[in-house]
Amino acid sequence: YGAMDLAVVTGIRSERRRHFLESLALEILLMLSGSVSVAGEVIDVEPAIGMAVSTTGDGEVLVEAVETALRDARGERVGRYSIFDPCEEMAGSRQQRLFRDVRQALEQKAFVLVYQPIVNAQTGLVIGFEALSRWKGAAHKHLSIEKVIDTIVETGSGLEFDFWVLETACRAARRWPVPLWISVNMTATHFSLPDIAGRIFQVLAHTGLEAHRLQIEVTETQALEVGPRVHHAFRELEARGVRIALDDFGKGFSTLMYLRQFPFSKIKLDAAFIQDMLQDARSAAVVRNVIALGDRKSTR
């Protein structure tokens with residue numbers, strides 16, 4: 001787990017849980033304690049053990065609870081172990097803290113965009129960039145940006161945040177040489193809102209970026225609604241030249257029905273399929289079939 005740390009993961013029975021944990025802690029302490037000889041010197045080893053019980057299924061909460069228990073154990077002179085049980089209280093307080101910090105970060109505009117190059121695999125040339133958000137000076141450095149964005153959506157600020165990203169990215173792309181284009185993520189549920197396409201066109205007009213230099217990647221933190229508003233929004237965007245890509249196909253709520261009903265110009269497969277396709281026959285089959293579907297769609 002670290003230069004001076006050893007991690008142990010074990011399953012436990014619900015009955016006599018405390019007794020089991022204490023017995024295990026004492027057994028490990030006995031096994032690791034004592035004197036060892038290193039380069040002719042005798043060193044006394046005094047281990048400390050922090051334990052926590054996972055009842056939430058959240059690995060990040062479990063690790064945080066274990067580290068809290070370990071800090072307590074290191075402060076003990078006798079019986080150097082501490083047990084944090086259960087994790088529910090920490091999970092709740094941690095989520096509240098995350099909500100508070102995310103809201104504060106939004107108010108202080110503590111997010112920035114970085115731009116990931118998109119390369120044409122045949123020519124090797126950079127043809128565009130994808131805008132990716134990052135949290136400056138985040139106190140929650142262990143969290144993925146995906147988890148942070150999920151939290152932004154849960155706080156009710158998802159639409160505001162997505163349009164901040166869109167306007168900032170379009171403004172940056174306006175200064176790039178043509179024909180470089182920008183790809184921006186947008187949550188699927190936004191496309192069910194009235195006049196969502198009109199709002200996107202307003203951003204393009206305000207920033208001066210041509211519509212054909214914008215690609216919107218539909219991200220599925222929630223399912224894409226199959227309804228007239230979504231159809232209308234997609235067709236308006238397509239008619240003006242804005243490209244629409246389906247992001248992380250196969251990871252979220254994506255269904256084959258989406259490919260039949262909506263005018264996606266690109267399908268971005270979830271990375272798990274690409275990473276495993278040379279070793280896993282099923283992943284390779286998924287990649288082949290999605291490429292075939294996309295090819296047929298483009299030739300209709």
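See the structure printed just above.
What comes next concerns the included structure. Computed from a prediction, not measured in an experiment: that's the story for all the values here.

This brings us to the environment of R74. Secondary-structure assignment places R74 in helix α2 (residues 59-74). When near neighbours in sequence (up to four residues on either side) are disregarded, R74 contacts D5, A48 and R80.

Our next topic: the packing of aromatic side chains. The final tally for this structure, using the stated rule, is seven aromatic pairs. With a centroid separation of 4.9 Å and an interplanar angle of 55°, the aromatic rings of F129 and W176 are classed as tilted. Here the residue F129 occupies a position in strand β6 (residues 126-135), and W176 occupies one in the loop between α5 (158-173) and β7 (181-187), the gap between them amounting to 47 residues. The buried category is assigned to W176, whose relative accessible area is 18%. Measuring from centroid to centroid gives 5.8 Å for F161 and W164, while their planes differ by 35°, and the two rings are tilted. Here F161 pairs with W164, and both are found in helix α5, just three residues apart, close to one helical turn. Judged by relative accessible area, F161 falls into the buried class, the value being 5%. By relative accessible area, which is 28% here, W164 ends up partly exposed. Site record: aromatic cluster; members linked through ring pairs are F111, W135, F161 and W164. A cation sits over an aromatic face here: R240 above F201, 3.9 Å from the ring centre.

So, about the pattern of salt bridges. A full pass over the atoms with the stated rule returns seven salt bridges. Where R100 meets D101, a salt bridge forms, and the shortest distance between an N and an O atom there is 3.2 Å. One connected set of salt bridges, linked through shared partners, spans E130, E217, D247 and K268.

So, how was this worked out
Residues numbered from 1 in each chain as written. Predicted model: local features only at pLDDT ≥ 70, side-chain atom pairs only at ≥ 80, totals over all residues. Heavy atoms only, no water. Helix = DSSP H or I, 4+ residues; strand = E, 2+ residues; numbered from the N terminus. Contact = heavy atoms within 4.5 Å. Phe/Tyr/Trp six-rings, centres within 6.5 Å; stacked < 30°, edge-to-face > 60°. Buried < 20%, exposed > 50% of the residue type's maximum accessible area, 1.4 Å probe, protein only. Lys NZ or Arg CZ within 6 Å of the ring centre and 35° of its normal. Salt bridge = Lys/Arg side-chain N within 4 Å of Asp/Glu carboxyl O.

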